[in-house]
Amino acid sequence: RCSELVHDGPNVERFLVGCQFLLLLCGFLVTHVGGAKLRQSENFYVGDWEWSAEASQVFWYNSVLLTIVIVVPGQLVTQLVASDKMLAFLNLPFAPYWTVVVPCLAVESVGIFHLAYPLKDVLCWAFAIDLGQRDPVKTMEKNALYYIRVGISLVVVTAAGVFLTKGLFLHQTDASQGVGWNVLPGWGAYVLTCVCLLILAGAEGLHVSALVLVTAQTAQFETSSPLAHRTCRLLYTGRNLQAFLVGRQFMVAIVIVLLGRATTYSGDDGELVGGSDWGMGRDFNAVLLQSDFLGAVFVTTIAELVTKVTASIYPKSFINNRALNVLLRIMLMFELSGIVNSCWPLAWAFDKIAGLKEDPFKSMTENAMDRKNSMGVPMLKTPSTADFHRLQRLNHDDVQVSSV
């Protein structure tokens, strides 16, 4: 039921739009609720055990510990399990149709994120991506309602960008508060925010491209798109696909925490820290600026949706560049560091406790194995995935896969 609705017409794009905003908004809200208040005179303590000022600043006030908690139990465990046993995960008793699919499509239908669609077309034009590659059945109808929503989205995103730029340059956001952060000039906070936006955009697009191309005949574009083929070869070597999912999620979480700080206005109850509020009033400041709603709208539309939607339609063209190959290597290094590797045993335990059954079709991991065989890349005997024992057996089986 979930798959039928999501894959009906252009609903895949619409689902990605709504889902991305809800994920980012939840991340920002968790940062607000679980993050430390900027009271620099207090160090982190548990009973009589008190941390040093340096440790409190690095791990507590800058939300490093919170980032690990968000990533491991909140994201990676379910992502690793779902990537290997998709149907079984959707059949878990959390009503995904009503708790995930319908809310995501409902959020998209409001229209405040529709600017992502024309921006996607602009991005395709700028990088000379052939628009004829996409499936016409999946093409969104550009009627009067579509352009009205694009207009609404343009106004909202522009306003969000103006207020965020003003807050960064006037030191009114959390990016200018706290030890170390308070010496960051306005232009420095602005540059840091732009860098984080670019990293987030690349990470989201690379993620979608990796999942779409896992079933593609990658040898067909070895000559036409050599950089994309090189990235795919690295991505599908050994256990790199699963390692990429882990490293990418940790990188995205770090960037989101930083962006949550940079796009949230400081102060309480509508009172801003320094500078003017341009006469907008306490309610506007509290609801839209200090809650980071406008920040979530801006980051979702500009940094995530444009590249994510583009990559879902033109995955090969999107990763046909060196920048994303470098970004992939950095993500693999994050996973190699072992910071969040507790997700592996937790994913295996979740799989066993839930008693998830194998899909009746090839999973993402098995498709990756086919890609490795077709590309001639090495395969590990014991890949680390959510379903470790089954994949270990598959590696030792003599599976006949036709070469491309």
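Residues numbered from 1 in each chain as written. Predicted model: local features only at pLDDT ≥ 70, side-chain atom pairs only at ≥ 80, totals over all residues. Heavy atoms only, no water.

Caption draft 1: A look at a nonpolar patch on the surface. Side chains of Phe169, Leu170, Trp187, Tyr190, Val191 and Val195 sit close together on the surface and give an oily, nonpolar patch of about 570 Å² of accessible area. Looking at the element boundaries, Leu170 is found in the loop between helix H8 (144-169) and helix H9 (186-213). (Patch = residues over 30% accessible without salt bridge, like charges linked within 9 Å, V, L, I, M, F, W, Y side chains within 5 Å. Areas by Shrake-Rupley, 256 points an atom, 1.4 Å probe, with all protein chains shown as cover. Salt bridge = Lys/Arg side-chain N within 4 Å of Asp/Glu carboxyl O. Helix = DSSP H or I, 4+ residues; strand = E, 2+ residues; numbered from the N terminus.)

Caption draft 2: Quick look at the state of the cysteines. In this structure the tally under the stated criterion is 0 disulfides. Here Cys194 stays free of any disulfide, with the sulfur of Cys196 as its closest cysteine sulfur at 9.4 Å. A relative accessible area of 29% places Cys194 in the partly exposed class. (Disulfide = S-S within 2.5 Å. Buried < 20%, exposed > 50% of the residue type's maximum accessible area, 1.4 Å probe, protein only.)

Caption draft 3: Expanded view of helix H6 (residues 96-110). For H6, built from 15 residues, the straight-helix expectation of 21 Å at 1.5 Å per residue is met to within 8% by its first-to-last C-alpha distance of 21 Å. The sharpest bend along H6 comes to roughly 30 degrees, located at Val102, with the proline Pro103 sitting one to four residues further on. Taken together, the buried positions of H6 are occupied by Pro96, Tyr97, Val101, Cys104, Leu105, Val107 and Glu108. Against the buried residues of H6 lie helix H1 (2-6), helix H2 (11-34), helix H5 (86-90) and helix H7 (116-126). Looking one or two places after H6, you find Gly111, whose phi comes out positive at around 105 degrees. (Expected span 1.5 Å × (residues − 1). Bend = angle between axes of the 7 residues up to and from the residue. Contact = heavy atoms within 4.5 Å.)

Caption draft 4: Just the environment of Val122, in detail. Here Val122 shows up in helix H7. C-alpha of Val122 to C-alpha of Val306: the two residues are 184 residues apart in sequence and 9.5 Å apart in space.

Caption draft 5: How the structure looks around the packing of H9 against helix H11 (residues 240-262). Interaxial distance between H9 and H11 falls to 10 Å at its minimum, and their mutual angle equals 150 degrees. Viewed along their axes, H9 and H11 adopt a mutual orientation that is roughly antiparallel. The interaxial crossing formed by H9 with H11 has left-handed handedness. Residue-level inspection shows Thr193, Cys196, Leu197, Ile199, Leu200, Ala203, Glu204, Leu206, His207, Ala210 and Leu211 of H9 in contact with H11, the latter providing Phe244, Leu245, Arg248, Met251, Val252, Val255, Ile256, Leu258, Leu259 and Ala262. Taken together, the residues of the contact of H9 with H11 sort by class into 17 nonpolar, 2 polar and 2 charged. (Axes fitted to C-alpha atoms, helices over the stretch in contact; angles between N-to-C directions. Parallel < 35°, antiparallel > 145°, perpendicular 65-115°, else oblique. Left-handed = near helix turned anticlockwise from the far one by under 90°. Nonpolar A, V, L, I, M, F, W, Y, C, P; charged D, E, K, R; others polar.)

Caption draft 6: Spatial organisation of the packing of H2 against H6. Following both chains from N to C, one finds H2 and H6 inclined at 95 degrees, their axes separated by 7 Å at the closest point. Judged by the inter-axis angle, H2 sits roughly perpendicular to H6. Together, Asn11, Arg14, Phe15, Val17, Gly18, Cys19, Phe21 and Leu22 of H2 and Val100, Val101, Pro103, Cys104, Leu105, Val107, Glu108 and Ser109 of H6 make up the contact between the two elements. For the contact of H2 with H6, the class distribution of residues is 11 nonpolar, 3 polar and 2 charged.

Caption draft 7: Geometry of the pattern of salt bridges. Counted by the stated rule, this structure contains 5 salt bridges. Of the charged contacts in the structure, one is a salt bridge between Lys85 and Asp351, with a shortest N-O distance of 3.2 Å. On the criterion of sequence distance, the pair formed by Lys85 in the loop between helix H4 (64-84) and H5 and Asp351 in helix H16 (residues 343-354) is long-range, its members being 266 residues apart. Comparing Lys85 with Asp351 shows no difference in burial state: the two are buried. Residues Glu335 and Arg239 are paired through a salt bridge, measuring 2.8 Å at the closest nitrogen-oxygen approach. Note that Glu335 is positioned in helix H15 (residues 322-337) and Arg239 in the loop between helix H10 (226-235) and H11, a separation of 96 residues in sequence. Given a relative accessible area of 23%, Arg239 falls into the partly exposed group.

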